[in-house]
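Examining the three-dimensional arrangement
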Amino acid sequence: MATVLKSFAPPAHDHGRCIKTALVKAERACTASGKRLTPLRRRVLELIWNSHLPVKAYELLSQLAQERAQAAPPTVYRALEFLQDAGLVHRIASLNAFVGCGEPLAGHVSQFLICTRCGTVAELAEPALSAGIAASAQRLGFKVARETIEVEGLCRDCQKAERALTR
Ligand SMILES: [Zn+2]
Ligand SMILES: [Zn+2]
Ligand SMILES: [Zn+2]
């Protein structure tokens, strides 16, 4: 059974808590791996966690430009790279956007379910999938460098909304 690392956003919830929890987990993950969450890296992470929707780099850039004079694009890109390497955020390749990781303390290869209607993303960890891919790759003498599994569909709320529309 796959572990749900991050579920779709509940329709009404205390998102302030999501952000707070994410920042606490990020601090812990950085301390555990001896990495430093500088104020800029922390702010970029916080902006990514502003919602459960994937965020594009240019959106982060324009938000940061308003609050920090020194938020030049290379600095922000470096912060994004750091956050990815530290496992605090994931890049959704098909959207070229970033989402906060639900469980940065657990090392994982994750898979993403992307709702094409509301844009929210859920993060899963299904080791059997990765194991299957690794086994097949090995049989073909292929060395896996990066594994990206992104599944498009409709979240439960959007299915309900679609049903209401067609009724
Ligand atoms: Zn939330
Ligand atoms: Zn993750
Ligand atoms: Zn949806």
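Basis of the calculations
- Residues numbered from 1 in each chain as written.
- Chains lettered and ligands numbered in written order.
- Predicted model: local features only at pLDDT ≥ 70, side-chain atom pairs only at ≥ 80, totals over all residues.
- Helix = DSSP H or I, 4+ residues; strand = E, 2+ residues; numbered from the N terminus.
- Rg over C-alpha atoms; globule rule 2.2 N^0.38 Å.
- Buried ≥ 20, exposed ≤ 12 C-beta atoms within 10 Å, placed from the backbone.
- Contact = placed C-beta atoms within 7 Å.
- Pairing = 2+ DSSP bridges.

Below, the discussion takes up the overall build of the protein. A tally of helices and strands in the protein yields six helices and six strands. Radius of gyration (C-alpha) of the protein: 17 Å, near the 15 Å computed for a compact globule of 167 residues. The principal-axis extent of the C-alpha atoms belonging to the protein is close to 50 × 45 × 25 Å. A total of 167 residues make up the protein; the buried ones form 24% of that total. Considering only intrachain contacts with a sequence separation of at least 6, the fraction spanning at least 24 residues in the protein is 62%.

So, about unusual backbone geometry. For Asn96, which is not a glycine, the phi torsion comes out positive at approximately 50°. Summarising the element assignment, Asn96 is placed in the loop between β2 (89–92) and β3 (97–100). Of the residues examined, Asn96 has 11 C-beta atoms within 10 Å and is grouped as exposed.

Of note, Asp85 is situated in helix α4 (residues 73–85). On the basis of neighbour counts, which here come to 11 C-beta atoms within 10 Å, the residue Asp85 falls in the exposed class. As a C-alpha pair, Asp85 and Ala71 span 14 residues in sequence and 20 Å in three-dimensional space.

Turning our eyes to something else, we now look at the pairing of strand β5 (residues 121–125). Sheet analysis places strand β1 (residues 3–6) next to β5, joined by three bridges and oriented antiparallel. In the strand pairing of β5, Lys6 is matched with Glu123. Inspection of the sheet shows strand β4 (residues 111–115) paired to β5 by four bridges, in the antiparallel sense. Residue pairing for β5: Ile114 is matched across the bridge by Val121. What sits between β4 and β5 in their antiparallel hairpin is a turn of five residues, with Gly119 showing a positive phi close to 85°.

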